[in-house]
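The lines below spell out each chain.
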Amino acid sequence: MKIVYTDNNATTKVADEVIEEMLPYLGELYGNPSSMHTFGDKVNKKLKQARLRVAGLINADPGEIIFTSCGTESDNAAIYSAINAYPEKKHIITSRVEHPAINNLYQHLQGEKGYDVTFVPVDKKGLLDLDLLYDSMSDNTAIVSIMWANNETGVIFPIEEIFKKANEKGILFHTDAVQATGKIPIDVKKTKVDMLSFSGHKIHAPKGIGVLYVKKGFKFSSFLVGGHQEEGRRGGTENTASIIGLGKACELAKENLPVMNTKVRELRDYLQARLLEKIPGSSVNGALDARLPNTLSIGFDAVEGESILLLLDREGICASSGSACTSGSLDPSHVLMAMEVPFKSAHGSIRFSLSHYNTKEEMDHIVSTLVPAIQKLRDMSPFWKDGEMI
Ligand code: PLP
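Since the structure is predicted, the reported quantities are computational estimates derived from the model, not experimental observations.

The next point concerns the overall build of the protein. For the protein, the count of helices and strands is 12 helices and 15 strands. Computed over its C-alpha atoms, the radius of gyration of the protein comes to 22 Å, within 12% of the 21 Å expected for a compact globule of 390 residues. Judged by the C-alpha coordinates and their principal axes, the protein covers about 75 × 50 × 35 Å. For the protein, the exposed surface amounts to about 16,600 Å²; the carbon and sulfur share of it is 55%.

Structure below.
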């Protein structure tokens, strides 16, 4: 059965060009880039090229790029570095819809380290309460960390504006750009954020490679203390093949940004329009305009997301649900709860996240699978009668 992969916010296919670029460095070119010999230096030269390519995607200087093992490590390294830089400041600001890589870290800092954390709420469209965010900033705030775009709904936050406000008050600003990078243009020279995280496996590079951008001038303290790699900012022999693959993936992502904004956006909008038209009792979660071009979170009244996923899976369609049943809870995800998505559709929410590999035929396949699947589930549901939720 052919796989229809629409779960690209979870992870992406490694691009063929990326694999090709990596292969020599998994095979014959296995030298350590720190070695003095020419064999190792050959790898070092290729790493320099990769660093330039990675920096190019977000318009950073190569020296501002630190390679890590994943987005989660980048987020943790940024936050720990900020609180180490200002040990006397015990307040942190973030949003209620961050990924667990930030959210759980802050719960930990709040619980075990005595930090006061402001979790800024969002409205029904998933947009931040900016007044509350700005009013929370104080002399005691060590860092503001707000994601660039949300992984479930795709809603984009006004990062440039938030950075300006934080900067006016002398507060460090970090953004988790794991979902935004490669989907919308990012220019750190324009946005001026202090730190930014992203992850290879969301942009067609392999899993296990991440990036932390740290603006020149900030006294970053290492998260992994060890050798002199990454200019002493992250010890450990470099994951050479993956860094080289990531370099290629960043080059491709930059070239592909216009495709994201045209072909991918059009496919997403086509899927969204067909589903809303053909399935009564369906609604999009999140703001329609300020949204990543590849993401559609859509709720269907009176059905369970997990049941929908199973029926899609039978037809080879990969998507994900917005509820947290896998974590042993029957509640919808913390993102949908923060948005106060009504109970009736929060439980039946599905996230489709596309890439440039998807086609219109695949969107049609999703629609022709989903329409009878929802009907079948509603026929069995005690909450659905005569074409509406009871
Ligand atoms: N931040 C966001 C917004 C994400 O979507 C993810 C992964 O889904 C992460 C952080 C974590 O990235 P990684 O899987 O590379 O640790």
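Let us now look at the site of the ligand. The environment of the ligand is made up of 13 residues, and the closest members are Thr 72, Asp 176, Gln 179, Ser 199 and Lys 202. Side-chain polar atom of His 99 to an oxygen atom of the ligand: 3.3 Å apart, as the coordinates give it. In the complex, the protein chains occlude 88% of the 390 Å² of accessible area that the ligand would expose alone. Here the element with the most residues in the shell around the ligand is helix 3 (residues 71-85); it accounts for 3 residues. Here the shell around the ligand is built from residues that sort into 3 nonpolar, 7 polar and 3 charged.

Our next topic: the sheet that holds strand 7 (residues 195-199). On the basis of which strands lie adjacent, the open sheet formed by 7 strands has the order 2-8-7-6-5-3-4 and mixed pairing. Two strands bound the open sheet, and with one partner strand each, they are strand 2 (65-68) and strand 4 (116-120). Looking at each pair of strands side by side, their axes are set apart by 20° on average, direction ignored. When strand 5 (residues 141-145) meets strand 6 (residues 172-176), the two strands line up parallel, connected through 3 bridges. Residue pairing for strand 6: Val 144 is matched across the bridge by Phe 173.

Attention now moves to the environment of Ala 180. Topologically, Ala 180 is positioned in the loop between strand 6 and helix 7 (188-191). Residues Ala 180 and Pro 293, spaced 113 residues apart in sequence, show a C-alpha to C-alpha distance of 9.9 Å. Ignoring anything within four residues of it in the chain, the contact list for Ala 180 reads Trp 148, Ala 149, Ile 186 and Leu 292.

Below, the discussion takes up the environment of Lys 248. One can find Lys 248 in helix 8 (residues 240-278). Sequence separation between Lys 248 and Tyr 80 is 168 residues; the distance between their C-alpha atoms is 30 Å.

What follows concerns the domain arrangement of the protein. Here the protein is partitioned into domain 1 (4-11 + 256-374) and domain 2 (16-252). At the junction of the two partners, domain 1 supplies 29 residues and domain 2 supplies 29 residues. The junction of domain 1 with domain 2 conceals about 2,400 Å² of combined surface from both sides, 56% of it contributed by carbon and sulfur atoms. Applying the counting rule to domain 1 against domain 2 returns 1 salt bridge. The salt bridge involving Lys 124 is made with Glu 340; its shortest N-O contact spans 3.2 Å. With 4 residues, the top contributor of residues to the side of domain 1 that touches domain 2 is helix 10 (residues 334-338). The residue makeup of the side of domain 1 that touches domain 2, split by class, is 12 nonpolar, 14 polar and 3 charged.

Glancing now at the layout of surface pockets. With a probe scaled to a water molecule rolled over the atoms, the places where space remains empty come into view. The volume enclosed by the second largest pocket comes to roughly 280 Å³. Forming the boundary of the second largest pocket are 15 residues, of which Asn 44, Arg 51, Glu 230, Glu 231 and Glu 238 lie nearest the centre. Of the residues forming the lining of the second largest pocket, the biggest block, 4 residues, is contributed by helix 2 (residues 38-58). Looking at the lining of the second largest pocket residue by residue, the class counts come to 4 nonpolar, 5 polar and 6 charged.

The next subject is the pairing of strand 10 (residues 295-300). Taking burial as the measure, the 6 residues of strand 10 include 6 buried ones, the bulk of the element. Side-chain alternation along strand 10 places Thr 295, Ser 297 and Gly 299 on one buried face and Leu 296, Ile 298 and Phe 300 on a second face that is also buried. Bridge count between strand 9 (residues 282-284) and strand 10: 3 bridges; the pairing is antiparallel. Each residue of the ladder has a partner; that of Ser 283, found in strand 10, is Gly 299. Examined bridge by bridge, strand 10 and strand 13 (residues 349-353) share 5 bridges and lie antiparallel to one another. Bridged to Thr 295 within strand 13 is Ser 353.

If you walk through the whole model with that rule in mind, you get 18 salt bridges. Notably, a salt bridge pairs Glu 21 with Arg 53, separated by 2.9 Å at the nearest N-O pair. Here Glu 21, found in helix 1 (residues 16-26), pairs with Arg 53, found in helix 2; they are 32 residues apart in sequence, far enough to count as distant. Per residue, the accessibility class of Glu 21 equals that of Arg 53, and both read buried. Sharing partners across several salt bridges, the network here consists of Glu 21, Lys 46, Arg 53, Lys 248 and Glu 251.

Negative phi is the rule for most residues except glycine; trans is the rule for most peptide bonds. The phi dihedral of Lys 192 falls on the positive side, at around 65°, and the residue is not glycine. Position of Lys 192 relative to the elements: it lies in the loop between helix 7 and strand 7. A positive phi angle, close to 70°, is found at His 204, a residue other than glycine. As for its placement among the helices and strands, His 204 is situated in the loop between strand 7 and strand 8 (210-214). Of the residues examined, His 204 reaches a relative accessible area of 11% and is grouped as buried.

What counts and what doesn't
- Residues numbered from 1 in each chain as written.
- Predicted model: local features only at pLDDT ≥ 70, side-chain atom pairs only at ≥ 80, totals over all residues.
- Heavy atoms only, no water.
- Helix = DSSP H or I, 4+ residues; strand = E, 2+ residues; numbered from the N terminus.
- Rg over C-alpha atoms; globule rule 2.2 N^0.38 Å.
- Areas by Shrake-Rupley, 256 points an atom, 1.4 Å probe, with all protein chains shown as cover.
- Near = heavy atom within 4 Å.
- Polar contact = N/O pair within 3.5 Å; in protein donor to acceptor, adjacent residues only side chain to side chain.
- Nonpolar A, V, L, I, M, F, W, Y, C, P; charged D, E, K, R; others polar.
- Pairing = 2+ DSSP bridges.
- Axes fitted to C-alpha atoms, helices over the stretch in contact; angles between N-to-C directions.
- Contact = heavy atoms within 4.5 Å.
- Domains from an automatic or database assignment.
- Buried area = accessible area lost by both parts, 1.4 Å probe.
- Salt bridge = Lys/Arg side-chain N within 4 Å of Asp/Glu carboxyl O.
- 1 Å grid on protein atoms, 1.4 Å probe; cavity = no way out; pocket = protein on both sides within 12 Å on 5 of 7 lines; lining within 4 Å.
- Points joined across faces, edges and corners; volume = space filled by probe spheres on them.
- Buried < 20%, exposed > 50% of the residue type's maximum accessible area, 1.4 Å probe, protein only.

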